[in-house]
Amino acid sequence: MVISVINKKGGVGKTPFAFSIAKDLDMFLQSNDNSIIESIYPNKAKISKEPSLLENCVYDFGGFVDKGILDIVRQSDMLIIPCNELYNSILRTIETINEIQTLNKNIIVLVSDYKDEKDKNIIEEMLKSNLSDLEFFFFKHSKIIDNAMIAGLSFTELYNENVLSKLNYKNFFEEYNKLLHTLTKTKENKNVKKWA
């Protein structure tokens, strides 16, 4: 299975989500962007300006300019587009999706940092009025995103640390678990087709 986490907009949570998904699904992780992934995910993560296509890999792409990215996007089983509640982020997300939809229609949108229900409804209305037939996941603001990168732990590992973390991260983790379930089903369906 190949998953690409991509958005032309920076600061939307691409790396924490890509890292956490890779770790929780026991996949490799590649990025074309400078980050700490090689130190927090040793022997499974690589940073390269020319990422190579690998099976069982999550890609953290910070834009489309580097060689080979669009080919990997085209061949991905799932494209994950994180965005946050900022107006510019939503516009760049819509722009990103419009550009890559012609290459691959298997797209999931993650709203990674909304503040409250009013915020969520505005973002959802804006995205859904511009984008149709996409699956959306909504993650309320949580320190788990920053803490994953600081601790070098996936969202699942952070959630399971202790009773307090289960209370603090409950809502976020419930949505994340739905995302993992969706990705796992995609992986299982791919394996069924491969052996059919």
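For the structure itself, consult the block above.
Residues numbered from 1 in each chain as written. Predicted model: local features only at pLDDT ≥ 70, side-chain atom pairs only at ≥ 80, totals over all residues. Heavy atoms only, no water.

A. Expanded view of the overall build of the protein chain. For the protein chain, the count of helices and strands is nine helices and seven strands. For the protein chain, the spread of C-alpha atoms along the principal axes amounts to about 40 × 40 × 40 Å. Taking all 196 residues of the protein chain together, the buried fraction comes to 50%. Within the protein chain, residue pairs in contact and separated by at least 24 positions form 70% of the contacts whose partners lie at least 6 positions apart. A total accessible area of about 9800 Å² is found for the protein chain, and carbon and sulfur atoms account for 50% of it. (Helix = DSSP H or I, 4+ residues; strand = E, 2+ residues; numbered from the N terminus. Buried < 20%, exposed > 50% of the residue type's maximum accessible area, 1.4 Å probe, protein only. Contact = heavy atoms within 4.5 Å. Areas by Shrake-Rupley, 256 points an atom, 1.4 Å probe, with all protein chains shown as cover.)

B. Geometry of helix α6 (residues 144-151). Among the residues making up α6, those that are buried are I144, I145, A148 and M149. Taken around the axis of α6, the buried residues stretch over an arc of 140°, which confines them to a single face. For α6, the exposed residues set more than 90 degrees away from the buried face come down to D146 and I150. Two residues or fewer after α6 comes G152, characterised by a positive phi angle close to 70°. (Arc of directions from axis to C-beta.)

C. Representation of the side chain of S165. Tracing the chain through its elements places S165 in helix α8 (residues 163-168). Using a relative accessible area of 6% as the deciding quantity, one classes S165 as buried. A polar contact of 3.1 Å, which involves the side chain of S165, links it to the backbone oxygen of L158. (Polar contact = N/O pair within 3.5 Å; in protein donor to acceptor, adjacent residues only side chain to side chain.)

D. Examining the nonpolar core more closely. By size, the foremost hydrophobic cluster in this structure holds 36 residues, and its most contacted members are I3, I21, Y176, L179 and L183. Among the elements that make up this core, the one with the highest residue count is helix α9 (residues 170-195) (six residues). In this view, I21 contacts I3, V58, I80, Y176, L179, L180 and L183; residues no more than four positions away in its chain are not counted. One finds F61, V73, C83 and I100 within the second-largest nonpolar core, a separate group that totals 25 residues. (Core = buried A, V, L, I, M, F, W, Y, C linked by side-chain atoms within 4.5 Å.)

E. View of the packing of helix α1 (residues 14-24) against α6. The N-to-C vectors of α1 and α6 enclose an angle of 65°; their axes lie 9 Å apart at closest approach. Viewed along their axes, α1 and α6 adopt a mutual orientation that is roughly perpendicular. Read as a crossing pair, α1 and α6 show a hand that is left-handed. Contacts from T15, P16, F17 and F19 of α1 reach α6 at I145, A148 and M149. Split by residue class, the contact of α1 with α6 holds six nonpolar, one polar and no charged. (Axes fitted to C-alpha atoms, helices over the stretch in contact; angles between N-to-C directions. Parallel < 35°, antiparallel > 145°, perpendicular 65-115°, else oblique. Left-handed = near helix turned anticlockwise from the far one by under 90°. Nonpolar A, V, L, I, M, F, W, Y, C, P; charged D, E, K, R; others polar.)

F. Spatial organisation of unusual backbone geometry. Unlike most non-glycine residues, N43 shows phi in positive territory, near 70°. With respect to the element layout, N43 can be found in the loop between α2 (37-40) and β3 (45-47). The exposure class assigned to N43 is exposed, which follows from its relative accessible area of 78%. Non-glycine residue N56 carries a positive phi angle of around 65°. If you trace the backbone, N56 turns up in the loop between β3 and β4 (57-61). A residue is classified by how much of its surface remains accessible, and N56, at 22% relative accessible area, is partly exposed.

G. Region of the structure containing the sheet that holds β4. The seven strands are arranged β3-β2-β4-β1-β5-β6-β7 in an open sheet whose pairing can be described as parallel. Each edge of the open sheet is held by one strand with a lone partner, namely β3 and β7 (135-140). Going across the sheet, the axis of each strand differs from the next one's by a mean of 20°, ignoring polarity. Sitting on the sheet, α1 is in contact with β1 (2-6), β2 (28-31), β4, β5 (78-83), β6 (107-114) and β7, with an inclination near 175° to β4. (Pairing = 2+ DSSP bridges.)

H. Examining the side chain of T186 more closely. Mapped onto the elements of the fold, T186 is located in helix α9. Looking at T186, the relative accessible area reads 19%, which means it is buried. Discounting chain neighbours no more than four positions away, the residues touching T186 are M1, D77 and M78.

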